[in-house]
Amino acid sequence: MNIHNFDLVKKMKMRTKSISALLLAIIMMAPAAVIGTTGYNDAIKTNFSQPISNVPGKSLVAVEVSYPPGGASAPHHHTDSAFIYAYVVSGQIASQVEGQPEHIYRAGECWNETPGAHHLISRNASNTEPAKLLAVFVVDTEHNALTTPDHAGGSR
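Quick look at the structure, then. Note that the structure is a prediction, hence the values are computed from the model and not measured.

1. Here we look at the side chain of Ser126
Here comes step 1: Along the chain, Ser126 falls in the loop between strand E8 (118-124) and strand E9 (131-140).
Here comes step 2: Within polar-contact distance, the side chain of Ser126 engages the backbone nitrogen of Thr128 at 3.0 Å.
Here comes step 3: In this structure the side chain of Ser126 is engaged in a polar contact, spanning 2.9 Å, whose partner is the backbone nitrogen of Glu129.

2. Details of the nonpolar core
Here comes step 1: Judged by nonpolar contacts, the single largest core of 17 residues is most densely connected at Val63, Ile93, Trp111, Leu133 and Phe137.
Here comes step 2: Of all the elements in the fold, those that place two or more residues in this core are strand E2 (58-67), strand E4 (83-90) and E9.
Here comes step 3: When residues in this core are grouped by element, the largest group, 5 residues, is from E9.
Here comes step 4: Excluding residues within four positions of it along the chain, Leu133 makes contact with Val63, Glu64, Val65, Tyr67, Ala86, Tyr87, Val88, Val89, Ile93, Trp111 and Ser122.

3. Concerning a nonpolar patch on the surface
Here comes step 1: On the surface, Phe83, Tyr85, Tyr87 and Val89 cluster together to form a nonpolar patch covering roughly 340 Å² of accessible area.
Here comes step 2: With respect to the element layout, Tyr87 can be found in strand E4.

What counts and how
- Residues numbered from 1 in each chain as written.
- Predicted model: local features only at pLDDT ≥ 70, side-chain atom pairs only at ≥ 80, totals over all residues.
- Heavy atoms only, no water.
- Helix = DSSP H or I, 4+ residues; strand = E, 2+ residues; numbered from the N terminus.
- Polar contact = N/O pair within 3.5 Å; in protein donor to acceptor, adjacent residues only side chain to side chain.
- Core = buried A, V, L, I, M, F, W, Y, C linked by side-chain atoms within 4.5 Å.
- Buried < 20%, exposed > 50% of the residue type's maximum accessible area, 1.4 Å probe, protein only.
- Contact = heavy atoms within 4.5 Å.
- Patch = residues over 30% accessible without salt bridge, like charges linked within 9 Å, V, L, I, M, F, W, Y side chains within 5 Å.
- Areas by Shrake-Rupley, 256 points an atom, 1.4 Å probe, with all protein chains shown as cover.
- Salt bridge = Lys/Arg side-chain N within 4 Å of Asp/Glu carboxyl O.

Rendered as structure tokens:
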């Protein structure tokens, strides 16, 4: 074997190792990408909660719902006493309440939902940018659960 052939074999082994490493990295990243864009991965934070002093038995509760790129909330029902005002703080939110078409709301836009609404879709409309909405509930003070996910008996 001459030196020229040895260098060729060495280059081929290095190229094979590089391609193998690249393929392994792609394979390892693929499940995370799929889970990130299809999972229910919203983050909910109570922003404000206060009884309404001149409306006995009612409270005003505001929650921030943050979505990573491609993020979504599980389909859910709102409590029967909750009237909801939703405002998109940043990004774009796709929303659909049962009986209505899906709509994409952009930063600065708002909508409302009636008591007991069945929220079929609530997700970030972008796969590249985060999104955030502010949901303001007028709700019976004794109702601690604002939503009940369809896939579980639990509540938020």
